[in-house]
Amino acid sequence: MPKKIAIIGAGASGMMLAATLVELGFSPESISLFERNPRMGKKVAITGGGRCNVTTGIRSKKELLSKYVRGGDFLEGVLWAFSPKKTAEWFAAHGCPLKTQDDLRVFPVSDSADEVVAVFERALGGIDLRLSTKVEGVRVKKGEGGRSEFFVSHSETHERFDALVISTGWAAYSKTGSDGSGHALAKSLGHPVTPLRPSLSAYETLEDWTKGLSGLAIPRAKLFSEGASFSEWGLLFTHFGITGPAVFELSARLAFTECSPSTPIFLRISPDASRTFDHWEAEISNAFFQNGAKEWKNVLSLLLPRRLSETVVALSGVSGEKKCATVSREERKSVCRLLSLGIPVTLVGTRPGEEFVTAWGIDTSFVDSATMESKLIENLYFTGEVLDVDAVTGGFNLQSCWSTGRAAGRAIAEKFGR
Ligand SMILES: Cc1cc2nc3c(=O)[nH]c(=O)nc-3n(C[C@H](O)[C@H](O)[C@H](O)COP(=O)(O)OP(=O)(O)OC[C@H]3O[C@@H](n4cnc5c(N)ncnc54)[C@H](O)[C@@H]3O)c2cc1C
């Protein structure tokens, strides 16, 4: 009798795992892939703004691992076994060539996330695919020869399997299907699961000036908070506060720092990471000197996006109508401090259900880092975001899904024969 494998969740990691099994000669009809949505890869299809940042062009192992805020050590082996380079080759071989941008983010040449999902739709043609099927419960018991057997319940039916993979994601962007039910499934099997926290999230701000700048993007912002500074990537003002890669990195690093109106996070936003206090002072002094008869608010707008310069003027406490020649040295310095040390902002909450990934999850000390098999329950595997692994933006989160899916697929194929 061929061994039967159940995979719960047809997201990035579950699809890669199933494709690996098929590729390694596992009988397709023995692979049951349960997905509550009517189609596979609903989240993958919206990644990267619909373009899917599949992986990264970074080739240094040290630099790659530094992008994982949690779980880098655990991932080290599998990230190298199925590296970003091998991932790109794999997608190209499956009809989806990738391209590397200057910022080292890697996208399909077609700029279409749907094309990434289509790779798996083709690869998984013959498997036992159960779309629109939500797994409600799982049980494990000792079967023949003392081996674990798994019973998967859905729509009032129970089915028996020889191995079980939980690749449900956690609760990030729950409208794509990852509603946190994987947490309950893992717990019901007696597997230790840590509490979950949102990561890669936007923040709501107390101040209204951020909302007034809605739609304005700053390409190289630098953020300062809790005694640390964060990335120099883009920041976007929104109708509720701030978002963008720099903000996501902040949220990943501060995932376990409470953020609410009663426990706010104090942040400073420097609008141009490349300019120090001395740079600003030299530029502003020069501009004011050359435009002595003009109002300083109009001169500052030559150095910053206009809407942002209006905000800086309003927050500076120096009347914008003052002529440049009459702005005192001390007043000029206070503006330069605002720009270099950052404009203060009070963060009062994240946006629940809209975060891109979840921090924490399955405690990786109970998971074999080469195979993704549980160290507590034989033949139980975890892949993707359910593991206590998460990274900043740039293709690293999908890469850990591809690598863990690939590792578990190889291990299952080896263990259960072809
Ligand atoms: C808007 C957005 C953009 C992103 N962009 C990028 C990007 O460009 N690059 C990048 O690297 N990362 C990106 N990410 C993060 C990345 O998409 C995730 O880390 C990754 O998709 C997680 O994959 P997964 O396989 O672990 O889980 P998921 O992709 O969440 O898939 C889990 C699947 O399991 C199914 N499921 C859950 N519970 C059950 C159940 N009980 N029964 C049956 N099915 C179930 C769900 O419906 C879902 O389809 C983005 C995330 C978001 C939200």
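Residues numbered from 1 in each chain as written. Predicted model: local features only at pLDDT ≥ 70, side-chain atom pairs only at ≥ 80, totals over all residues. Heavy atoms only, no water.

### A short note on the nonpolar core
Working step 1: By size, the foremost hydrophobic cluster in this structure holds 79 residues, and its most contacted members are F91, F120, L164 and W402.
Working step 2: If one sorts the elements of this core by residue count, helix 13 (residues 396–416) sits on top with 10 residues.
Working step 3: Once residues within four sequence positions are removed from consideration, F120 is found in contact with M15, M16, A19, M40, W90, F91 and W402. (Core = buried A, V, L, I, M, F, W, Y, C linked by side-chain atoms within 4.5 Å. Buried < 20%, exposed > 50% of the residue type's maximum accessible area, 1.4 Å probe, protein only. Helix = DSSP H or I, 4+ residues; strand = E, 2+ residues; numbered from the N terminus. Contact = heavy atoms within 4.5 Å.)

### A look at the pattern of salt bridges
Working step 1: The full count for this structure, using the stated rule, is 28 salt bridges.
Working step 2: Where E159 meets R130, a salt bridge forms, and the shortest distance between an N and an O atom there is 2.8 Å. Separated by 29 residues along the polypeptide, E159 in strand 10 (residues 157–161) and R130 in strand 7 (residues 128–130) bring together distant segments of the chain. Side by side, E159 and R130 carry an identical accessibility label, which is buried.
Working step 3: Between K134 and D179 there is a salt bridge, and its shortest N-O distance comes to 2.9 Å. On the criterion of sequence distance, the pair formed by K134 in the loop between strand 7 and strand 8 (137–142) and D179 in the loop between strand 11 (163–166) and helix 6 (181–188) is long-range, its members being 45 residues apart. (Salt bridge = Lys/Arg side-chain N within 4 Å of Asp/Glu carboxyl O.)

### Considering the domain arrangement of the protein chain
Working step 1: The domains assigned to the protein chain are domain 1 (5–197 + 359–416) and domain 2 (202–350).
Working step 2: Centre-to-centre separation of domain 1 and domain 2, based on C-alpha positions: 40 Å.
Working step 3: If you look at the interface, domain 1 gives 8 residues, while domain 2 gives 10 residues.
Working step 4: Regarding the contact of domain 1 and domain 2, the summed buried area is about 860 Å², with carbon and sulfur atoms giving 60% of it.
Working step 5: At the junction of domain 1 with domain 2, the criterion picks out 1 salt bridge. (Domains from an automatic or database assignment. Buried area = accessible area lost by both parts, 1.4 Å probe.)

### Some thoughts on the sheet that holds strand 19 (residues 265–270)
Working step 1: Taken in spatial order, the 8 strands line up as 14-17-18-13-20-19-15-16 in an open sheet, and their pairing is antiparallel. Of all the strands in the sheet, just strand 14 (217–218) and strand 16 (228–230) have a single pairing partner and so form its edges.
Working step 2: Pairing analysis gives 5 bridges linking strand 19 to strand 20 (residues 343–350), with the strands arranged antiparallel. If you follow I269 over to strand 20, its bridge partner there is I343.
Working step 3: Against the sheet, helix 8 (residues 245–253) makes contact with strand 13 (203–205), strand 15 (222–225), strand 16, strand 17 (235–237), strand 18 (241–243), strand 19 and strand 20, and its axis sits at roughly 25 degrees relative to strand 15, the strand it touches most. (Pairing = 2+ DSSP bridges. Axes fitted to C-alpha atoms, helices over the stretch in contact; angles between N-to-C directions.)

### Considering the site of the ligand
Working step 1: Near the ligand there are 34 residues, and of these E35, K43, V135, E385 and L398 occur at the shortest range.
Working step 2: Within the side chain of E35, a nitrogen or oxygen atom sits 2.6 Å from an oxygen atom of the ligand.
Working step 3: Between the ligand and the protein, one listed contact pairs an oxygen atom with a backbone N or O atom of L398 at 2.7 Å.
Working step 4: If the ligand stood free it would expose 1000 Å²; the protein chains cover 96% of that surface.
Working step 5: No other element matches helix 13, which puts 4 residues into the shell around the ligand.
Working step 6: Here the shell around the ligand is composed, by residue class, of 11 nonpolar, 18 polar and 5 charged. (Near = heavy atom within 4 Å. Polar contact = N/O pair within 3.5 Å; in protein donor to acceptor, adjacent residues only side chain to side chain. Areas by Shrake-Rupley, 256 points an atom, 1.4 Å probe, with all protein chains shown as cover. Nonpolar A, V, L, I, M, F, W, Y, C, P; charged D, E, K, R; others polar.)

### What about the packing of aromatic side chains?
Working step 1: In this structure the tally under the stated criterion is 10 aromatic pairs.
Working step 2: Centroid distance W90 to F91: 5.0 Å. Interplanar angle 85 degrees. Geometry classified as edge-to-face.
Working step 3: By relative accessible area, which is 0% here, F91 ends up buried.
Working step 4: Note on F91 and W402: the rings are 5.1 Å apart at their centroids and 65 degrees apart in plane angle, and the pair reads as edge-to-face. (Phe/Tyr/Trp six-rings, centres within 6.5 Å; stacked < 30°, edge-to-face > 60°.)

### Details of helix 11 (residues 306–316)
Working step 1: For helix 11, every residue scored as buried is listed here: L308, S309, T311, V312, V313 and S316.
Working step 2: Buried residues belonging to helix 11 abut helix 7 (209–212), strand 14, helix 10 (296–300), helix 12 (329–341) and strand 20.
Working step 3: Residue G317 follows helix 11 closely and has a positive phi angle near 80 degrees.

### What about the side chain of N53?
Working step 1: Topologically, N53 is positioned in the loop between strand 2 (31–34) and strand 3 (55–56).
Working step 2: Within the structure, N53 has its side chain in polar contact with the backbone oxygen of T55 (distance 2.9 Å).
Working step 3: Among the polar contacts listed, one links the side chain of N53 to the backbone nitrogen of G395, at a separation of 3.0 Å.
Working step 4: For N53, the residues in contact, after removing those within four places along its chain, are G48, R105, V106, F107, G394, G395 and L398.

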